[in-house]
Amino acid sequence: MTSCHLVLGAAGLLLLIGLVMVFSASAIEAALADEPAWAPGVKQLVLACIGLVAMGVALRLPVGVVRRWAPIALVVVFVLLLLVLIPGIGIERNGARQWIPLGVTDFQPSELGKLVFALWGAHVLALRERYPTTSSLLVPVLPVFGALSLLLIAEPDFGGVVSLGLVLVGLLWAGGMPLRWFGAFAGAAVLAMVIMVQAAPYRMERITAFLDPFADPTDTGFQAIRGMYALATGGLWGVGLGNSAMKWNILPEAESDYIFAIIGEELGFLGCLVVVTLYGVLAYAGFRIARRSADRFVQLACVAITVWLIGQATMNMGYVVGLLPVTGVTLPLISAGGTSLVLTLFIVGLLARFALSEPAAVEALRIAERGRLSRLLLPAPTTAVDQVRPRRFPAEAATERPVVGSVRTLLHARGTTPRRTPARTENAARGAAPARPRPAARTAPARGTAGTPAPRQRPVGSRVRPGGER
């Protein structure tokens, strides 16, 4: 049960840190906007409770059900990504149309698209495991990635495309793609970036601003410079919880994109180190589940999800400290946000559910004496490998002939009709000495009814002598 405990423990601590820091980072801005100072924090707490319910649902989902519904969920994601582009349905913020208003919160279809693409891709690659070729890995995963990326670019959501690319890298890496292909993908990504920059020159300014943010301190480097000031002010121990100066409407998006800077200012370098360590534990647990699982789908899905979560956290912390360009991705489980938080907790539940399907965990849950609450929160899977659908359908079970007596069935690999070959004679099945087979006899002896000896048949090609002798 170590993998499950590591996932739930690391994710729980990150969620707790996130709730505290969202309360701290959003209180001043809400008060300056004539709103209750506790309103954004309470909203984040309510969303976290919804996410915990989603995590509980994920813990009880059979792996076969997840695989069965993954293709349908992918179609739903395509429909939602098309709907968000329609004015009146999708709302526009900061020049991007990425959200669908739901009243209490806003739904971001791109976040759901990353999860569904990871599960669907793992399902497809697991089905094609018998034919591990390069074409079976790339098709249809790569075309679907391209279609989703085009819809995200239309919003536009460059950070979502990068996160979706992390999912693709995780799937192909776990699927056994040769390393030389990743170099080709990197070259294609550079070419696509050049095309996007030519289409919109402002993107180049945003990408290269992290190299010298002080060259344009009032525009492209404004946010990066204030994030650096926040980290520098915190030092080793921090200025204390709630004492940040940058959250007084000085650092934009302090409770979401740049919440890591507020952590560094209030909790110091040690607080940032704790956050980085917890993400490291989550990464170790995800790869540990993939290594110990017996289900190929679970292995692929765990690697893809882990690469996505840890890669997104690395991108967020990287652009806060000035090592990467600003992409606008949030810090999983910590940043303020509705769709991101709920789906991330659902993903944590899936990882814990996959951990429960480890062979050692299945055996431990079966033999351990557990209370009612433990059985409710951590249900015991029946098997380590959950099938997508039953191997035999009811209609097939009724028409299938069982293997009994002196005949066995051989199935050809090329899919031809089965042929029946003699294995033992009827007398050998009854305990008598088996008759010596004749080379010319090519047909199997017929079986009689129960309690009645089978009638003798003349072998093909044998001659009958006068008097009934052969």
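> Which parts of the structure should I look at to understand the overall build of the protein?
Per the secondary structure count, the protein includes 17 helices and 5 strands. Per-residue burial for the protein yields a buried fraction of 43% across its 470 residues. Look at the contacts in the protein between residues 6 or more apart in sequence, and 66% of them connect residues 24 or more apart. Only carbon and sulfur atoms are counted for the fraction: they give 64% of the accessible area of the protein, which is about 25000 Å².

> Just checking my understanding: could you explain the pattern of salt bridges for this structure?
It is possible for side chains of opposite charge to pair when their charged atoms get near one another. Applying the stated criterion across every chain, the model contains 5 salt bridges. Among the salt bridges present, the one from Arg 97 reaches Glu 92, with a minimum N-O distance of 3.2 Å. Between Lys 114 and Glu 111 there is a salt bridge, with its nearest N and O atoms 3.2 Å apart. One end of the pair, Lys 114, and the other, Glu 111, are both in helix 4 (residues 109-127), 3 residues apart, so they sit about a helical turn from each other. For the residue pair Lys 114 and Glu 111, the accessibility class agrees, reading buried in each case.

> Help me understand the nonpolar core, please; the structure alone is not making it clear to me.
Nonpolar side chains in soluble globular proteins tend to end up buried together. In this structure, Phe 117, Tyr 279, Phe 297 and Phe 354 are the most contacted members of the largest nonpolar core, which totals 110 residues. Ranked by the residues each element gives to this core, the list is headed by helix 12 (residues 296-320), at 17 residues. Ignoring anything within four residues of it in the chain, the contact list for Phe 117 reads Val 141, Val 144, Phe 145, Leu 148, Leu 164, Val 167, Leu 168 and Leu 171.

> Before we go on, may I ask you to explain the packing of helix 7 (residues 158-175) against helix 12 in this structure?
To characterise two packed helices, one gives the angle between the axes of the helices and the distance between these axes. At their nearest, the axes of helix 7 and helix 12 sit 8 Å apart, and the two run at 145 degrees to each other. Seen along the crossing, helix 7 lies across helix 12 with a hand that is right-handed. Facing Val 162, Ser 163, Leu 166, Val 167, Gly 170, Leu 171, Trp 173, Ala 174 and Gly 175 of helix 7, the residues of helix 12 in contact are Arg 296, Leu 300, Val 303, Ala 304, Val 307, Trp 308, Gly 311, Gln 312 and Met 315. The residue inventory of the contact of helix 7 with helix 12, partitioned by class, reads 12 nonpolar, 5 polar and 1 charged.

> I keep staring at empty space enclosed by the protein and nothing clicks. Help me out?
To find leftover empty space, a probe the size of one water molecule is rolled over the atoms. This model, assessed by the stated rule, comprises 2 cavities of 30 Å³ or more. For the largest cavity, the calculated volume is near 50 Å³. Elements with a minimum of two residues in the lining of the largest cavity: helix 12 and helix 13 (339-356). Take the lining of the largest cavity: its biggest share by element is 4 residues, from helix 13. Among the residues making up the lining of the largest cavity, the classes are represented as 5 nonpolar, 3 polar and 1 charged. Every residue lining the second largest cavity is listed: Leu 81, Ser 110, Gly 113, Lys 114, Leu 148, Leu 152 and Leu 164.

> Help me understand a negative patch on the surface, please; the structure alone is not making it clear to me.
A cluster of like negative charges, contributed by Glu 29, Asp 34, Glu 35 and Glu 253, occupies part of the molecular surface. Its place among the elements puts Glu 29 in helix 1 (residues 2-32). We classify Glu 29 as partly exposed; its relative accessible area is 34%.

> What's the story with the packing of helix 4 against helix 6 (residues 141-154) in this structure? I'm lost.
Two elements in contact, helix 4 and helix 6, have axes separated by 11 Å at closest approach and are oriented at 175 degrees. Comparing their axes, helix 6 and helix 4 come out roughly antiparallel. Facing Ser 110, Phe 117, Trp 120 and Leu 125 of helix 4, the residues of helix 6 in contact are Val 141, Val 144, Phe 145, Leu 148 and Leu 152. Taken together, the residues of the contact of helix 4 with helix 6 break down into 8 nonpolar, 1 polar and no charged.

> Explain the packing of aromatic side chains to me, please; I cannot follow it from the model alone.
Each aromatic ring pair is described using two quantities: the centre-to-centre distance and the angle formed by the ring planes. Evaluated as defined, the whole model comprises 7 aromatic pairs. Between Trp 181 and Phe 185, the aromatic rings sit 6.4 Å apart at their centres with planes inclined by 50 degrees, giving tilted as the arrangement. Here Trp 181 pairs with Phe 185, and both are found in helix 8 (residues 179-199), just 4 residues apart, close to one helical turn. For Phe 185, a relative accessible area of 22% corresponds to the partly exposed category. On the basis of an interplanar angle of 85 degrees and a centroid distance of 6.3 Å, the ring pair of Phe 182 and Phe 185 is categorised as edge-to-face. Note that Phe 182 and Phe 185 are positioned in helix 8 at a spacing of 3 residues, about one turn of the helix. One aromatic cluster is present, built from ring pairs that chain together Phe 117, Trp 120 and Phe 145. Above the face of the Trp 99 ring, Arg 93 is positioned so that its terminal group lies 5.3 Å from the ring centre. The positively charged end of Arg 226 is found above the aromatic ring belonging to Phe 222, 3.7 Å away from the centroid.

> What exactly am I supposed to notice about the environment of Val 276 here?
Mapping Val 276 onto the fold places it in helix 11 (residues 259-292). Here Val 276 falls in the partly exposed class, since its relative accessible area comes to 39%.

> I tried to follow the sheet that holds strand 3 (residues 106-107) on my own but got confused; where do I start?
Sheet strands line up and pair through hydrogen bonds in the backbone, either parallel or antiparallel. Strands sit in the order 1-2-3 across an open sheet of 3 strands; the sheet is antiparallel. Whereas interior strands pair on both sides, the edge strands pair on one side only; in this sheet they are strand 1 (91-93) and strand 3. Note: strand 2 (residues 96-101) against strand 3, 2 bridges, orientation antiparallel. Paired with Ile 100 across the two strands is Phe 107, which belongs to strand 3.

> Got a minute to help me understand unusual backbone geometry in this structure?
That bond from Val 139 to Pro 140 is cis: its omega, 5 degrees, falls within 30 degrees of zero. Residues Glu 155 and Pro 156 are joined by a peptide bond in cis, for which omega reads -5 degrees. Secondary-structure assignment places Pro 156 in the loop between helix 6 and helix 7. Not every positive phi belongs to a glycine, and Asn 249 is a case in point at roughly 55 degrees. Residue Glu 253 is not a glycine yet carries a positive backbone phi of 55 degrees. Following the sequence through the fold, Glu 253 ends up in the loop between helix 10 (222-234) and helix 11.

Criteria and thresholds
Residues numbered from 1 in each chain as written. Predicted model: local features only at pLDDT ≥ 70, side-chain atom pairs only at ≥ 80, totals over all residues. Heavy atoms only, no water. Helix = DSSP H or I, 4+ residues; strand = E, 2+ residues; numbered from the N terminus. Buried < 20%, exposed > 50% of the residue type's maximum accessible area, 1.4 Å probe, protein only. Contact = heavy atoms within 4.5 Å. Areas by Shrake-Rupley, 256 points an atom, 1.4 Å probe, with all protein chains shown as cover. Salt bridge = Lys/Arg side-chain N within 4 Å of Asp/Glu carboxyl O. Core = buried A, V, L, I, M, F, W, Y, C linked by side-chain atoms within 4.5 Å. Axes fitted to C-alpha atoms, helices over the stretch in contact; angles between N-to-C directions. Left-handed = near helix turned anticlockwise from the far one by under 90°. Nonpolar A, V, L, I, M, F, W, Y, C, P; charged D, E, K, R; others polar. 1 Å grid on protein atoms, 1.4 Å probe; cavity = no way out; pocket = protein on both sides within 12 Å on 5 of 7 lines; lining within 4 Å. Points joined across faces, edges and corners; volume = space filled by probe spheres on them. Patch = residues over 30% accessible without salt bridge, like charges linked within 9 Å, V, L, I, M, F, W, Y side chains within 5 Å. Lys, Arg positive; Asp, Glu negative; His and termini not counted. Charge placed at Lys NZ, Arg CZ, Asp CG, Glu CD. Parallel < 35°, antiparallel > 145°, perpendicular 65-115°, else oblique. Phe/Tyr/Trp six-rings, centres within 6.5 Å; stacked < 30°, edge-to-face > 60°. Lys NZ or Arg CZ within 6 Å of the ring centre and 35° of its normal. Pairing = 2+ DSSP bridges.

None of the figures reported here should be taken as evidence of function without further support.
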